[in-house]
Amino acid sequence: MIIAVDGPAGSGKGTVTKRIEKEIGFFNLDTGATYRCVALETLRKGITLDDTEKIIEIANNIDIKIEKTENKEIILLNNEDVSKEIRTKEVTAIVSQISSIILVREKMVEVQRKLAKGKNVIVEGRDIGTVVFPNADIKIYLDASEEVRAKRRYEENIENGIDTTYEEVLENVRMRDYNDMHKKVGALKKAEDAIVIDSTDLKIEEVVEKIKDTISQNR
Ligand code: DC
């Protein structure tokens with residue numbers, strides 16, 4: 001069974017899918033992490049964003065695995081645990097542009113399908129219900145206002161010891177929204193058959209309950 005959860009940065013996808021994963025025992029596939037791995041490797045190799053050929057080469061040659069530990073998933077890039085490194089603000093600042101490169105997307109979609117193969121999965125991203133798994137059993141589109149999403153990311157950063165200001169996060173959210181919605185391929189958009197949940201005024205628990213209700217109605 002495949003549950004697709006799409007939506008913009010900070011809409012709550014990560015938090016709610018992790019909760020649901022724990023409760024129903026599905027494998028949580030965070031597809032943003034695959035693009036973040038390509039972005040991290042690009043930074044590590046000192047490659048500039050205009051060198052798309054080298055970035056595509058990175059995407060084609062890196063090995064990305066997701067391993068389930070007792071209470072969370074860890075992201076392995078060439079067998080190194082990079083779960084923390086892929087969330088730094090340096091990676092966040094360039095990942096949207098990295099994910100706009102069409103051949104990078106083609107490769108990552110292949111990687112994502114492989115990671116999900118043969119499992120019951122709850123997959124979060126931007127183009128899951130439209131491109132990666134257009135035949136997903138359940139499609140959710142999670143949204144929230146720009147300000148609320150920035151506030152959530154800001155608080156998450158503080159919790160994780162990442163030094164940013166709210167204004168900086170808001171600007172990054174706006175920039176990524178623009179890039180994510182205007183991509184030539186794999187742009188963020190609601191699948192026609194997706195159920196929309198606006199989480200602006202909802203608590204995490206309320207969103208989780210709504211999604212769980214939808215799952216039990218469709219199982
Ligand atoms: O969900 P996230 O913030 O970790 O995603 C990182 C970036 O990757 C984000 O700017 C959009 C992009 N992305 C994408 O283009 N397609 C996906 N399925 C998932 C993420």
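Residues numbered from 1 in each chain as written. Predicted model: local features only at pLDDT ≥ 70, side-chain atom pairs only at ≥ 80, totals over all residues. Heavy atoms only, no water.

In this structure, what is going on with the sheet that holds strand β8 (residues 195-198)? I would like to understand it.
Note: strands within a sheet are paired through backbone hydrogen bonds, in either parallel or antiparallel orientation. Strand order across the open sheet formed by five strands is β2-β6-β1-β7-β8, with parallel pairing between neighbours. Bordering the open sheet on either side are β2 (27-30) and β8, each of which pairs with just one other strand. Recorded for the sheet is a direction-independent mean angle of 20° between the axes of neighbouring strands. As judged from the four bridges shared by strand β7 (residues 138-143) and β8, these two strands associate in the parallel manner. Considered in β8, the bridge of Asp143 is made with Asp198. (Pairing = 2+ DSSP bridges. Helix = DSSP H or I, 4+ residues; strand = E, 2+ residues; numbered from the N terminus. Axes fitted to C-alpha atoms, helices over the stretch in contact; angles between N-to-C directions.)

Before we go on, may I ask you to explain the nonpolar core in this structure?
With 39 residues, the main nonpolar core has Cys37, Val38, Val104, Met108 and Phe133 as its most contacted residues. Ignoring sequence-local partners within four residues, the contact set of Val104 consists of Tyr35, Val38, Ile55, Ile56, Ala59 and Ile98. In terms of nonpolar packing, the next biggest core, distinct from the first, is built from 14 residues, Val5, Phe26, Ile138 and Ile140 among them. (Core = buried A, V, L, I, M, F, W, Y, C linked by side-chain atoms within 4.5 Å. Buried < 20%, exposed > 50% of the residue type's maximum accessible area, 1.4 Å probe, protein only. Contact = heavy atoms within 4.5 Å.)

Is there a simple way to explain the pattern of salt bridges in this structure?
Opposite charge on two side chains permits pairing when their charged atoms draw close. For the structure shown, the criterion picks out 20 salt bridges. Asp180 serves as the salt-bridge partner of Arg126, at 3.1 Å between the closest nitrogen and oxygen. Highlighted residues: Arg126 in the loop between β6 (121-125) and α6 (128-132) and Asp180 in helix α8 (residues 166-181), separated in sequence by 54 residues. A relative accessible area of 4% places Asp180 in the buried class. We note a salt bridge from Asp180 to Lys183, for which the minimum N-O separation is 3.1 Å. (Salt bridge = Lys/Arg side-chain N within 4 Å of Asp/Glu carboxyl O.)

Looking at this structure, how should I read the environment of Phe27?
Counting through the fold element by element, Phe27 comes out in strand β2. Judged by its relative accessible area of 8%, Phe27 is buried. Contacts of Phe27, omitting those with residues within four sequence positions, involve Glu21, Ile66, Lys68, Glu73, Leu115, Lys119, Asn120, Val121 and Ile122.

What exactly am I supposed to notice about the pairing of β7 here?
The side chains of a regular strand alternate, first on one face of the sheet and then on the other. Most of β7 sits inside the fold, with five of its six residues counted as buried. Pairing of strand β1 (residues 2-6) with β7 involves four bridges; the strand directions are parallel. Opposite Ala4, over in β7, you have Lys139 as the bridge partner.

Explain the site of the ligand to me, please; I cannot follow it from the model alone.
Taken together, 17 residues surround the ligand, and among them Arg36, Arg105, Asp127, Arg176 and Lys183 come closest. Note that an oxygen atom of the ligand is positioned 2.9 Å from one of the side-chain N or O atoms of Arg176. Relative to its unbound accessible area of 450 Å², the ligand is 98% covered by the protein chains. When contributions to the shell around the ligand are tallied by element, the ones reaching two or more residues are α2 (32-44), α4 (89-98) and α8. A breakdown of the residues in the shell around the ligand according to their chemical character gives three nonpolar, five polar and nine charged. (Near = heavy atom within 4 Å. Polar contact = N/O pair within 3.5 Å; in protein donor to acceptor, adjacent residues only side chain to side chain. Areas by Shrake-Rupley, 256 points an atom, 1.4 Å probe, with all protein chains shown as cover. Nonpolar A, V, L, I, M, F, W, Y, C, P; charged D, E, K, R; others polar.)

So what exactly am I meant to see when it comes to the sheet that holds strand β5 (residues 80-81) here?
The three strands are arranged β3-β4-β5 in an open sheet whose pairing can be described as antiparallel. The sheet is open, and its two edges are formed by β3 (64-68) and β5, each paired on a single side. Examined bridge by bridge, β3 and strand β4 (residues 73-77) share five bridges and lie antiparallel to one another. When the bridges of β4 are listed, Lys68 appears paired with Glu73.

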